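Per-entry structural report
Take a look at the letters that make up each chain.
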Amino acid sequence: MESTHLLGGSKKRVKIHPHTVTAKYATHTPYSPQPGVHTHFPQPGDEGYDDAPSFEDFGSFLEETSDRKQLTESKRWPLTLFGSTDKDKDTTRKPQAAGGGEGSEGGAKAAKGSGKGVGEQLASFGEASVSASRLTWVGLLGAALAHGCLIVLTRLASEHFGLGPLFLLLVRSIVQLFSVAVPLQKGENPFGPSGYRLRLLCYGIAYSLSLCCAYSSFTFASPGNATTTWRLATTALSATLAFLLLEERLGLADGITIAAGLCGLALVLLPTADESNTDSPTDPVVFWRGAFGWSLSALAGLWMALALVGYRSLKERVGVGTALFTVSWTGCVLAPASLALLQEGWSWPMSAPAWGLVLGLVACSIVGFLGMTHALTRLHPALVSASQSIEVPVALMLHLAVLPVAPTAPEVVGNVMVILSVGWLVAMKLLPSRGGGRRQREEYEEILDSPIK
C-alpha cells in the first residue's frame, strides 16, 4: 500500500509493509525510474537532509489528516457516552499539568472531576436501567392480574351465561383485529417486515393454537386445574426451548426461584382427599375425558412456549401492535375450526351484563398480552412465564370472593410458594446488589484506561 502526501515543499513517498515502513523523499511525484537518469535522495550528512521532514512529523501529519480520525470525529455523539468527552479533556490538560505546580494542581482537579463525572454517569445509567426494569416488571405483574381476572370472567361467562370458552376466544379475536391501526399508523406492514413474515406467521399460529387448546381444555377439565397445568408446562418448556433454540441460559438464582414456583404449581394440582379416597369405581368415560383435558392443557403449554421463544427471536423486528394483530387474525381462523371440531354450540350474549362481561374479558386479554409481549423484549421467556404464575393465586382469591369455598391445604401452600417465588424474583431483579456499584465503577474505569476502545 502506497500513499503520497505534500509536506512543506517536497513530495514524500511512503511504502507500508506488514512489518516495516519506509519513506523516501523526491523532487517529483510519483517517482518513476527513468533510463539513464539517477535521482539522488538526501542522506545523513548531505546538504538539505535536515530540511526534510522527519518520520515523526509525517506520523503526526498522517494522524491529523487521516480519514479514520475524521470519520470517528464526525460520528461522535453530541452527548458522549461513557465519558469520552471528559477523557479527551483530561488528555488535553496533561501537557499543561507538566508545566508547573499550578498545572499539576489543575490536572489533579481535572482528574478528580473526571472521576466524579464517571460516577455521575454510572448513576444516571443505573437509574435509567432500573427505571426501565421497574416498568417492565410492573407491566408483567399487571398482565398477571389481568390473566387472573380473565380466568374468573371466563368461568363466570360459562357457568352463568352459557357462553362457551371457544366462542369467547372468537369474540376477543374479532375485537382485537382493530389493533391493525397501530402498525398502519406507524407506517409498518401489519403482516410484518419482509423476510420475517413466515416466522411471524408461525408465531401467530403457535399462540392461537395454545389459546385454542387451553380454552378447549376448560370443557373437559376444571378451569383452575387446566390453567395451572397450562402455566406449569409453559414455564418449564420455555426455559428448555429458549436454551435449545436461542441458547439463552437462566442464572442459578433464577433457575432455583422458578423451580420453587413450579413446585408450588404442582402442589396446587394435587388431588383432594375426596378424589383420592373414593371407593366407587371410576367411570372410564369420565377418566378419559379428564385425561384428554389435561393433555390439551399440557399441549397448550407447549404451543405457548414455542410462541414466547418465537417472539423473543423477533423482538427487534416486530412491534407489539403487529404481534397482537397477527395473533388476532390467526385466532379468527383457528377458533371457528376448533368450534367445528369439538362441536361446541354458538351462544350469543343476550343481556347487558353478559355483554359487559365479554367486554371486560376482551380488555383483560389485551392488557395481559401487551404486558407479556413487551417484557419479552427484555427478559428471558421463562422469567416472563414464571411471573405470570401469580395468575393462579389471583384467580383463586377472586373465585373465593365470588363462591366462598374453603381451599385445601396443598392449594394454600402451593399458592403461597408461587407468590413468594415471584416476589423473590422481582426483588432480585430490581433491588441493587451489595457492592455492585463499586465493582461496576472499577470495571468501567478499567475500560476507560484500556488502550483498546
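Our structure's up above, just so we're on the same page.
All figures in this text were calculated on a predicted structure; none of them were measured in a lab.

A tally of regular secondary structure across the protein gives 17 helices and 3 strands. Expressed as a percentage of its 453 residues, the buried residues of the protein come to 36%. Partitioning the intrachain contacts of the protein with sequence separation of at least 6 by distance along the chain shows that 81% fall at a separation of at least 24. Of the roughly 26200 Å² of accessible surface on the protein, a fraction of 63% belongs to carbon and sulfur atoms.

We now examine the packing of aromatic side chains. For the structure shown, the criterion picks out 9 aromatic pairs. Judged by centre distance (5.7 Å) and plane angle (75°), the rings of F191 and F325 are edge-to-face. Separated by 134 residues along the polypeptide, F191 in the loop between α6 (181-185) and α7 (197-220) and F325 in helix α12 (residues 320-342) bring together distant segments of the chain. Ring geometry for Y203 against Y311: centres 5.6 Å apart, planes inclined by 45°, an arrangement best described as tilted. One end of the pair, Y203, is in helix α7; the other, Y311, is in helix α11 (residues 284-314), and 108 residues separate them in sequence.

This brings us to the pattern of salt bridges. All told, the structure shown has 4 salt bridges when counted by the stated rule. For R155, the salt bridge identified is with E159, shortest N-O distance 3.2 Å. Of the two residues, R155 and E159 are both situated in helix α4 (residues 101-160); the distance of 4 residues between them amounts to about one turn of the helix. Of the charged contacts, one joins R231 and E391 as a salt bridge, the two residues approaching to 3.1 Å between their closest N and O atoms. Of this pair, R231 sits in helix α8 (residues 223-246) while E391 sits in helix α15 (residues 391-402); the two residues are 160 residues apart in sequence, bridging distant segments of the chain. Judged by its relative accessible area of 3%, E391 falls in the buried class.

Bringing the side chain of T326 into the picture now. Relative to the assigned elements, T326 resides in helix α12. Ignoring any residue separated from it by four or fewer positions in sequence, one finds T326 in contact with P190, L200 and G204.

Bringing a nonpolar patch on the surface into the picture now. A cluster of nonpolar residues, F243, L244, L245, L299, L302 and L306, forms a patch on the protein surface that exposes about 520 Å² of accessible area. Those elements giving two or more residues to the nonpolar patch turn out to be α8 and α11. Residue placement: L299 occurs in helix α11.

At their nearest, the axes of helix α9 (residues 252-268) and helix α16 (residues 409-430) sit 7 Å apart, and the two run at 160° to each other. Overall, the two elements α9 and α16 adopt an arrangement that is roughly antiparallel. Seen along the crossing, α9 lies across α16 with a hand that is left-handed. The segment α9 lies against α16, with A253, D254, T257, A260, G261, C263, G264, L265, L267 and V268 engaging P410, E411, V413, G414, N415, M417, V418, S421, W424, L425, M428 and K429. When its residues are assigned to classes, the contact of α9 with α16 shows 13 nonpolar, 6 polar and 3 charged.

Once that is clear, we can look at the packing of α7 against α11. Closest axis-to-axis distance for the α7/α11 pair is 7 Å, and the angle between their directions is 155°. Taken as axis vectors, α7 and α11 run roughly antiparallel relative to one another. Regarding α7 and α11, the two cross each other, and that crossing is left-handed. Here the residues of the contact of α7 with α11 are counted per class, giving 17 nonpolar, 8 polar and 2 charged.

The rules we used
- Residues numbered from 1 in each chain as written.
- Predicted model: local features only at pLDDT ≥ 70, side-chain atom pairs only at ≥ 80, totals over all residues.
- Heavy atoms only, no water.
- Helix = DSSP H or I, 4+ residues; strand = E, 2+ residues; numbered from the N terminus.
- Buried < 20%, exposed > 50% of the residue type's maximum accessible area, 1.4 Å probe, protein only.
- Contact = heavy atoms within 4.5 Å.
- Areas by Shrake-Rupley, 256 points an atom, 1.4 Å probe, with all protein chains shown as cover.
- Phe/Tyr/Trp six-rings, centres within 6.5 Å; stacked < 30°, edge-to-face > 60°.
- Salt bridge = Lys/Arg side-chain N within 4 Å of Asp/Glu carboxyl O.
- Patch = residues over 30% accessible without salt bridge, like charges linked within 9 Å, V, L, I, M, F, W, Y side chains within 5 Å.
- Axes fitted to C-alpha atoms, helices over the stretch in contact; angles between N-to-C directions.
- Parallel < 35°, antiparallel > 145°, perpendicular 65-115°, else oblique.
- Left-handed = near helix turned anticlockwise from the far one by under 90°.
- Nonpolar A, V, L, I, M, F, W, Y, C, P; charged D, E, K, R; others polar.

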